[in-house]
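Chain and residue survey
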Amino acid sequence: MKQKPFGQTGQQTSVIGQGTWYIDQGDRKSAVTALRCGLDLGMTHIDTAEMYGDAELVVAEAIDGRRDEVFLVSKVLPSNASRKGTIQACDRSLKRLKTDRLDCYLLHWRGSYPLEDTVAAFEELVSAGKIGSWGVSNFDAGDLAELADVAGEGRIACNQVLHHLNERAIEHSVIPWCEAHGVAVVAYSPFGHDDFPAPQSAGGTVLQQIAARCNATPRQVALSFLTRQPPMFAIPKASSSSHAAENAGAGSITLTESDIAALDKAFPLGREPRSLPML
């Protein structure tokens, strides 16, 4: 499994991690087994959130006895992101996750509380040793610049954003801004939302051709493409051990320049939208 420094934290983190949105809605034993399988295969970056129902409880069970192996991330809801509310939300997440610390803590999306209040809470949590670093999710380049003005250069660890083959909006401004400022970019829903390219589609055919050359699967090729740039990570969800193993396999694939050019053509970037897409 390839690893990269996670933004300016310097912490080496698996390029392919594990998402947990909706993981609490299936068979719990299978979900725990899938997460543990992912850890065994080097996907040590596990992402969750207070919004995800009982996902933090599932993660707690999966990482029991293995906490030191994991780069653990959770998120605070914007409705809880006042200075006091952020600290309380973090304490609740720590209790559910059965740990004394998060490696990174994110504001799930921008809400009505001033960024100054949320940043102050994040910094207080860092000082208390409850989080190692902090970041955001669903922030556009303009939001990131405003946040950097509030927090100071080098304080934002990451920005977690929607990114898949048919939704590459972040490649216009968000990724360049993050790369210039040492901010990790984490792709959520990297296979789309039930709309991964069908095998018989034009794009699906290109994926299959590259997959055959790489002795890989189309989904592994997609993950490798999405994480090709220096600041990029991805956190696909897996509901079974076989899916986890497939995701982990993407961490050892290296695409050629011709592969990247073919995928660029098959899944064109398109125009930059007025607002950042999110789920």
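Each remark here, short or long, concerns the structure printed above.
The present account deals with the structure reproduced in this document.

Thresholds applied
- Residues numbered from 1 in each chain as written.
- Predicted model: local features only at pLDDT ≥ 70, side-chain atom pairs only at ≥ 80, totals over all residues.
- Heavy atoms only, no water.
- Pairing = 2+ DSSP bridges.
- Helix = DSSP H or I, 4+ residues; strand = E, 2+ residues; numbered from the N terminus.
- Axes fitted to C-alpha atoms, helices over the stretch in contact; angles between N-to-C directions.
- Contact = heavy atoms within 4.5 Å.
- Buried < 20%, exposed > 50% of the residue type's maximum accessible area, 1.4 Å probe, protein only.
- Salt bridge = Lys/Arg side-chain N within 4 Å of Asp/Glu carboxyl O.

Attention now moves to the sheet that holds strand β5 (residues 104–107). The strand order β3-β4-β5-β6-β7-β8-β9 describes an open sheet built from seven strands, whose pairing is parallel. Each edge of the open sheet is held by one strand with a lone partner, namely β3 (45–47) and β9 (232–234). Put simply, the sheet's adjacent strands are angled 25° from each other on average, direction ignored. Relative to β5, strand β4 (residues 71–76) runs parallel, the two being bridged by four bridges. Along β5, the bridge assignment pairs V73 with C104. Helix α3 (residues 83–97) contacts β4 and β5 of the sheet and is inclined by roughly 135° relative to β4. Lying over the sheet, helix α4 (residues 115–127) contacts β4, β5 and β6 (134–137), oriented at roughly 170° with respect to β5.

What follows covers unusual backbone geometry. Although it is not a glycine, K98 sits at a positive phi angle of roughly 55°. Mapped onto the secondary structure, K98 falls in the loop between α3 and β5. Taking the relative accessible area as the measure of exposure, K98 reaches 72% and is therefore exposed. Positive phi values are uncommon outside glycine, yet D194 reaches one of about 60°.

Mapped onto the elements, V59 comes out in helix α2 (residues 55–62). The class for V59 is buried, based on a relative accessible area of 0%. C-alpha of V59 to C-alpha of T20: the two residues are 39 residues apart in sequence and 8.1 Å apart in space. Setting aside residues no more than four positions away along its own chain, V59 makes contact with T20, L35, I46, T48, L72 and L97.

Right, let's talk about the pattern of salt bridges for a bit. On inspection of all chains with the given rule, the structure shows 18 salt bridges. The salt bridge partner of E50 is R92, with a shortest N-O separation of 3.7 Å. In this pair, E50 sits in the loop between β3 and α2 while R92 sits in helix α3, placing the two residues 42 residues apart along the sequence. Given a relative accessible area of 37%, R92 falls into the partly exposed group.

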